[in-house]
Every structure is written in structure tokens, then in C-alpha cells.
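Understanding the architecture of this molecule
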Amino acid sequence: MRVDCLVLGAGIVGVSVAVHLARRGRSVVLLDRRAPGEETSFGNAGLIQAEAVHPRAFPREFRRLLRYAGNRATDMVYRPGALPGLAPFLLRYWWHSAPARYAEMARRYAPLIGAAVDAHAELI
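This part covers the packing of aromatic side chains. Inspection of every chain in the model, using the stated rule, returns one aromatic pair. When the centroid spacing of 5.1 Å and the interplanar angle of 80 degrees are considered together, the rings of Phe58 and Tyr93 count as edge-to-face. Highlighted residues: Phe58 in the loop between helix H2 (40–44) and helix H3 (62–69) and Tyr93 in helix H4 (residues 83–96), separated in sequence by 35 residues. The buried category is assigned to Phe58, whose relative accessible area is 16%. Taking NZ or CZ as reference, Arg67 lies 5.8 Å from the ring centre of Tyr68, over its face.

Set out below in C-alpha cells:
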């Protein structure tokens, strides 16, 4: 059997990729260790979240930062030993969460989320 493409993961992204490749004439194998949509996509129930236009910003208020730094929050828990490896990513996250950069990111995300709703309607 000749296969052009192997798509790993039968969640919403993998299924979408496989369908679009097949529509373009490719021979596609979609492979997942479980049934389609039973892992990551199961958790979000296949929803496209409009609120993702405004992703969660890194806290910039000193009091909240101290609470997180002390590992005393329920919405964020970390292992202190992991911080050295995470530091570069956390710093970039903090930098991109500045109000002006955050507003620009949300403005740019809005058309992508809108297009995602239309693109997925036919796959539903």
C-alpha cells in the first residue's frame, strides 16, 4: 500500500489535516493509539473557544506574582526545580503580556478564531 502522508493523532487537528490532505488527492493514514477524539480533543469537546481571542495574560501585578512565586495559588502550581528550564519561556510570556502587546495579539487573533469557526463547520 502506497501512502503519501501519515497523520499522527486523531483529534480535531489531526482529523482536519487528514481530511484536507485527502481532498487534495493525497493518500492518507490517520493513526492514533485510541479512538478519534478520545484524548486531547475529548477534553475540549471539539469546541472552538471565542474567548481564546483573549488568552490568559501573565500576571503583572506584584501581589499576584508573589502569590504565584510562593506556589500558593490553585490556578497555577509548579515544581520549583523546573523553574530554571522554564525561565526563558516564562520571561517571554511575561513580555508578551504587556498591555499594548496583549491588545495587539488579541486584535490579530480575532480573525483567526472567526475563520476557524467557518472552517470547522463543514467538518462537524
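Moving on, we come to the environment of Glu104. Along the polypeptide, Glu104 turns up in helix H5 (residues 99–121). Along the sequence, Glu104 and Gly14 sit 90 residues apart, while their C-alpha atoms lie 29 Å from each other. Among the polar contacts made by the side chain of Glu104, one reaches the side chain of Arg107 at a distance of 2.6 Å. A polar contact is formed between the side chain of Glu104 and the side chain of Arg108, at a distance of 2.6 Å.

The rules behind these values
Residues numbered from 1 in each chain as written. Predicted model: local features only at pLDDT ≥ 70, side-chain atom pairs only at ≥ 80, totals over all residues. Heavy atoms only, no water. Phe/Tyr/Trp six-rings, centres within 6.5 Å; stacked < 30°, edge-to-face > 60°. Helix = DSSP H or I, 4+ residues; strand = E, 2+ residues; numbered from the N terminus. Buried < 20%, exposed > 50% of the residue type's maximum accessible area, 1.4 Å probe, protein only. Lys NZ or Arg CZ within 6 Å of the ring centre and 35° of its normal. Polar contact = N/O pair within 3.5 Å; in protein donor to acceptor, adjacent residues only side chain to side chain.

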